[in-house]
Structures are given as C-alpha cells and as structure tokens.
Amino acid sequence: MEAIHLPSTATPEEVAATLREHGYAIVDNLVPESLMDRIEAEMGPYINASLYGDDGFVGKLTKRTGAMIARSPAARELIMNPTAIGAAGDFLKHATTFQLHLTQIISVFPGSKAQPIHRDQVAWDFFPFPPDYEVQCNLLWAMTDYTEEMGATRLVPGSHRQPDKEYTVEDSIPAVMKRGSALFYTGKIYHGAGENKSDRLRQAINITYAVGWVRQEENQYLTTPIEIARTLPEDLLKVMGYQMGCFAMGYVGDFEDPMTVLHPPAERRVLNTEIMAKKAGYVGDARKLLVDSTTA
C-alpha cells in the first residue's frame, strides 16, 4: 500500500476532508526548497547545540530542537502557511479556537532505530478523548527528502478509527515525500519515525496545532521572549495563544483579552460575550448562558 498524496494545489478543505477520511495526507511540494534553506541556516546553530534523546522513544540518535518562532523568522512563514492554517482551522472547527501546539525540528541521524508506534494525543496525560473528537492537527514538513531507507515517518492507515491497541512497524507504511512537502496527520493515527538505515540525516519540522482549550506541549509564552512577541503580527500571536481559548479560558488581569499584555494600557481590551455568541450557534449550553446571564 502506498501513502495518499495530494498536489500542492489542494485546498485546505480538501486536506481536512482527507484527514477525516484517512487520518493523514501528504501534500507534495507545498513550499519551495528556498524556504527550507532559510530555516536550515537560521536553526543550524541550535540544532548543533541540541542534545540527543536519552531513551528509545525520543531516540538516542535523534535531536529535537524547538523555540522556532523566536529563533527563525522563516519558520514563522511555515507556521502561517495558508494551506496549513486553513486545513487546521477546518479540521478543528468543532472547537471555538485553535492554537499552536509545538514547533520542533526532528533530526534523525544515521543508525537511529525505529520509534515505537504511537498516537500523539497521548501527550495529554493519556486522556481518553472520545473517538469522534479530534484534539490536534499535526504536520511534519520534510526539511530533507524523506525516503524509507532514511527513516521516513511510518503510518498505520485507518488506525485513527480504531480503539487503542499495539501496532508494530510491520503494520505501517512509510510516508515518502520530497523536501518541502508536508505530511498532515491526526492525533489519533498510529505512527512513528522509521529506522534510519542510510548514511544521510533525515530531518522534519514538526508543527502541530491543537484546539484552544488544551495546554500546549511547547510553552509559547516562555520560549518566545515578550520583546520578540511584541514585534510579531497579530494573526501569528493569536495562533501562538494570545487569544481566548474559549469564552472563559485564558483571560488576563481584570477579565481582559490576552493581547493586552503586548500593548500599552491605552489599548486594553475588555472581553465580552462575542466568543460565547459564536459558540452559541451550535451548542445549547452556550445559548442558555447568553439568554439567562445576569451580572454576578
């Protein structure tokens, strides 16, 4: 069985629909190699300074290098790629908002063993999310070519619809793709890094988005100094988490919008019921709160 590929012209809606049906999709040549060149140049010193993992899951010959918003202006373009952002927003539209979950370059060195097959949504303390509730939309951007011999990420097709169980590498297929392509996959599909049997480094940029009400794996507010955050565009800041996750999650100070901390006092923004009203369109409890609300 070969992995499912979509062309770079695929719409965000088409990508999201493929995710719902198959649990993953590879979008070929989604960004030019020149963007990967820029990210590689900006992140190279940090990758060199990163430590190898200390167990078989993270990989004893694998490095993981994060804080990409602070360290790499080019990576910000990847995070806000229209197809990626659009597909994540469509796939996670059952939640009021979505946010950036993590940014990380995964460098799998020659000789690295295959990673255990797993689901990414176990990051939330192994919480048993309902089978029909998707909590995240993941991307692995090919920073180098992705071949089976180099340890391309392996997927178990259809496993996003199955109950928890153990899978082996033999149950999986490789997500082979070219540099600049992107593997989209759900938090429910079983997958894992393959064994790097080559003499070449295999690198991917892991950028994941999650629903707005869960805790982020990478703490975006500490890894990106506020001095840098103040220079970033508002749409990126909102994706980072400088927004309400839902109508009562994430406010600051005197029930104010999180963006307040990045602006002078004259631009303070007091929250209102706008977010709740949006949710009220399809959730009965939200409608009831708006109708029955009184000043507490």
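Everything below is about the structure printed above this text.
Residues numbered from 1 in each chain as written. Predicted model: local features only at pLDDT ≥ 70, side-chain atom pairs only at ≥ 80, totals over all residues. Heavy atoms only, no water.

A. Here's a closer look at the environment of Gly-86. Residue placement: Gly-86 occurs in helix H5 (residues 82–91). For the pair Gly-86 and Pro-12, spaced 74 residues apart in sequence, the C-alpha separation works out to 5.1 Å. (Helix = DSSP H or I, 4+ residues; strand = E, 2+ residues; numbered from the N terminus.)

B. Highlighting the nonpolar core. Residues Ile-39, Leu-78, Trp-141, Phe-184, Ile-205 and Tyr-209 are the most contacted members of the largest nonpolar core, which totals 54 residues. Residues in contact with Leu-78, not counting those within four places in the same chain, are Val-31, Leu-35, Met-36, Ile-39, Trp-141, Ile-205, Ile-207 and Tyr-209. In terms of nonpolar packing, the next biggest core, distinct from the first, is built from 17 residues, Ile-26, Ala-142, Ala-175 and Met-177 among them. (Core = buried A, V, L, I, M, F, W, Y, C linked by side-chain atoms within 4.5 Å. Buried < 20%, exposed > 50% of the residue type's maximum accessible area, 1.4 Å probe, protein only. Contact = heavy atoms within 4.5 Å.)

C. Quick peek at the pattern of salt bridges. The tally for this structure, following the rule as stated, stands at 10 salt bridges. The partner of Glu-77 in a salt bridge is Arg-38, with the nearest N and O atoms 2.8 Å apart. With Glu-77 in helix H4 (residues 73–79) and Arg-38 in helix H2 (residues 33–49), the pair connects residues that are 39 residues apart, well separated along the chain. What you see here is one network of salt bridges that share partners, running through Glu-33, Asp-37, Glu-40 and Arg-179. (Salt bridge = Lys/Arg side-chain N within 4 Å of Asp/Glu carboxyl O.)

D. Region of interest: the packing of helix H1 (residues 12–22) against H5. With their axes 8 Å apart at the nearest point, H1 and H5 run at an angle of 50° to one another. Taken together, the axes of H1 and H5 lie oblique to each other. In the packing of H1 onto H5, the handedness of the crossing is right-handed. Between H1 and H5, the contacting residues are Pro-12, Glu-13, Val-15, Ala-16, Leu-19 and Arg-20 on the first element and Pro-82, Thr-83, Gly-86, Ala-87, Asp-90 and Phe-91 on the second. A class-by-class count of the residues in the contact of H1 with H5 yields seven nonpolar, two polar and three charged. (Axes fitted to C-alpha atoms, helices over the stretch in contact; angles between N-to-C directions. Parallel < 35°, antiparallel > 145°, perpendicular 65-115°, else oblique. Left-handed = near helix turned anticlockwise from the far one by under 90°. Nonpolar A, V, L, I, M, F, W, Y, C, P; charged D, E, K, R; others polar.)

E. Spatial organisation of the pairing of strand S2 (residues 24–27). By the alternation rule, side chains of S2 split into Tyr-24 and Ile-26 and Ala-25 and Val-27, which are all buried. As paired elements, strand S1 (residues 5–6) and S2 share two bridges and run parallel to each other. Residue pairing in the sheet places Leu-6 in a bridge with Val-27 of S2. Relative to strand S8 (residues 182–186), S2 runs antiparallel, the two being bridged by four bridges. Bridge pairing in S8 places Val-27 opposite Ala-182. (Pairing = 2+ DSSP bridges.)

F. Quick peek at H5. Counting buried residues in H5 gives seven out of 10 residues, a clear majority hidden from the surface. Within H5 the residues assigned to the buried category are Thr-83, Ala-84, Ile-85, Ala-87, Ala-88, Asp-90 and Phe-91. One side-chain oxygen at the N-terminal end of H5 lies 3.0 Å from the backbone nitrogen of Thr-83; it belongs to Asn-81. (Polar contact = N/O pair within 3.5 Å; in protein donor to acceptor, adjacent residues only side chain to side chain.)

G. Broad picture of the packing of aromatic side chains. Applying the stated rule across the entire model yields eight aromatic pairs. Aromatic side chains Phe-127 and Phe-129 sit 5.0 Å apart centroid to centroid with 70° between the ring planes, which places their arrangement in the edge-to-face category. Taking relative accessible area as the criterion, Phe-127 reaches 47% and is therefore assigned partly exposed. Judged by relative accessible area, Phe-129 falls into the buried class, the value being 9%. A network of ring pairs unites the aromatic residues Trp-124, Phe-127 and Phe-129 as a single cluster. Above the face of the Tyr-52 ring, Lys-63 is positioned so that its terminal group lies 5.1 Å from the ring centre. (Phe/Tyr/Trp six-rings, centres within 6.5 Å; stacked < 30°, edge-to-face > 60°. Lys NZ or Arg CZ within 6 Å of the ring centre and 35° of its normal.)

H. Representation of the sheet that holds strand S6 (residues 154–155) in the model. Read from one edge of the open sheet, three strands run S7-S6-S9, paired in antiparallel fashion. This sheet does not close on itself; its edge strands, each paired only once, are strand S7 (173–174) and strand S9 (191–192). Relative to S9, S6 is paired through two bridges, and the arrangement is antiparallel. Its bridge partner lying in S9, Leu-155 is registered against His-191.

Function cannot be read off these values alone, since they describe shape.
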